[in-house]
Amino acid sequence: SAVISQKPSRDICQRGTSLTIQCQVDSQVTMMFWYRQQPGQSLTLIATANQGSEATYESGFVIDKFPISRPNLTFSTLTVSNMSPEDSSIYLCSVEVPEAFNYGYTFGSGTRLTVV
Amino acid sequence: KQEVTQIPAALSVPEGENLVLNCSFTDSAIYNLQWFRQDPGKGLTSLLLIQSSQREQTSGRLNASLDKSSGRSTLYIAASQPGDSATYLCAVSRYDYKLSFGAGTTVTVRA
């Protein structure tokens, strides 16, 4: 199955600044997904990123706050813009991968963001 | 909207005991169901994947069942070990490829 390299693994940022998170996949994939996990909560889908088109955002998430790039079939970035303490979360990228005769999902190792 | 519930929220057992983790979902129109493990502050590790047409999957000490019509899945972990201590997440996927997650069950296995 695919292996995702996600970086940075963690960061502490000042409010009002931006952080860009990168995910590199070791194989070509059509769709990449970005999730947020707020402290003590489960994962919430932020957006779906397809190569060559604009990302599709879920309700409650907007492009100005979470711009996403998808320049090719193995790479994507998520930027958390104009950060506030409420943005402190773990951010994860994910791709769909073939598994036996099925399709499952694999995740990056996550970026633990703390905004002070 | 798909709602995924995991019970219990937390579980503490002595080493060697079998673990039973429950997951329920409200919309039976799922593509597949996947169980993940998450260690504190880390990403997700896939444990088992069950296609909607399947009833169960097994991997080593892990067995997951799926009853799609009643919207339930159960993850069994046999002969638990301290290394099994983690949060276990259940997720269901739709035909639009989006995953809906439960809040997880945090497991502590006492040595």
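Criteria and thresholds
- Counting restarts for each chain: residues are numbered from 1 in the order of the written sequence.
- Here the convention is simple: chains get letters from A, ligands get numbers from 1, in the order in which they are written.
- Reporting of local features is limited, given that this is a predicted model, to residues whose pLDDT is at least 70; pairs of side-chain atoms are given and counted only at 80 or more, and all residues count toward the totals for whole chains, interfaces and linings.
- The basis for every side-chain value is the complete set of heavy atoms in the structure, and neither hydrogens nor water enter the calculation.
- Note on conventions: DSSP H or I runs of at least 4 residues are helices, E runs of at least 2 residues are strands, and numbering of each starts at the N terminus.
- Note on classification: 1.4 Å probe, protein chains only; a residue is buried when its accessible area is under 20% of the maximum for its type, exposed when over 50%, partly exposed between these limits.
- It only takes one pair of heavy atoms within 4.5 Å for two residues to be counted as in contact.
- For accessible areas, the Shrake-Rupley method is used with a probe of radius 1.4 Å. Any residue's cover is judged against the shown protein chains and nothing else.
- Positive charges are assigned to Lys and Arg, negative charges to Asp and Glu, while His and the chain termini are left out of the count.
- Taken as the charge location is NZ of Lys, CZ of Arg, CG of Asp or CD of Glu.
- The disulfide definition used here is simple: a pair of cysteine sulfur atoms within 2.5 Å.
- Any pair of nitrogen or oxygen atoms within 3.5 Å is treated as a polar contact; in protein, a donor-acceptor pairing is required on top of that, and neighbouring residues in sequence qualify only through side-chain atoms on both sides.

J.: Which residues make up the overall build of chain A, and what values go with them?
T.: Within chain A one finds zero helices and 11 strands. Along chain A, from the amino end to the carboxyl end, the secondary structure elements read β-β-β-β-β-β-β-β-β-β-β. Dimensions of chain A, computed from the C-alpha atoms along their principal axes, are close to 45 × 30 × 25 Å. Within chain A, the proportion of its 116 residues that are buried is 51%. Long-range contacts, defined as pairs at least 24 residues apart, comprise 52% of the intrachain contacts of chain A with a sequence gap of at least 6. With an accessible surface of roughly 5600 Å², chain A has 49% of that area assigned to carbon and sulfur atoms. Each charge class in chain A can be summarised by its mean position, and for the 7 positive and 9 negative side chains these summaries are 9 Å apart.

J.: Mind laying out the state of the cysteines, listing which residues take part and the relevant values?
T.: Tallied over the entire structure, the rule returns two disulfides over all chains. Here A:Cys23 connects covalently by a disulfide to A:Cys93, the sulfurs 1.8 Å from one another. On the sign convention where negative means left-handed, the S-S torsion of about -90 degrees between A:Cys23 and A:Cys93 marks this disulfide as left-handed. On the criterion of sequence distance, the pair formed by A:Cys23 in strand β3 (residues 19–25) and A:Cys93 in strand β9 (residues 89–99) is long-range, its members being 70 residues apart. Comparing A:Cys23 with A:Cys93, the two get one shared label, buried. Each sulfur of the disulfide joining B:Cys23 and B:Cys90 lies 2.0 Å from the other. On the S-S bond that ties B:Cys23 to B:Cys90, the torsion sits near -55 degrees, and the link is left-handed. Taken as a pair, B:Cys23 in strand β3 (residues 19–25) and B:Cys90 in strand β9 (residues 86–93) lie far apart in primary sequence, 67 residues in all.

J.: Any chance you could break down the side chain of B:Gln6 for me, citing the residues and the numbers?
T.: Residues and elements named next belong to chain B. Within the element layout of this structure, Gln6 appears in strand β1 (residues 4–7). Within the structure, Gln6 has its side chain in polar contact with the backbone oxygen of Tyr88 (distance 3.0 Å). For Gln6, the side chain forms a polar contact with the main-chain nitrogen of Gly104, separated by 3.0 Å.

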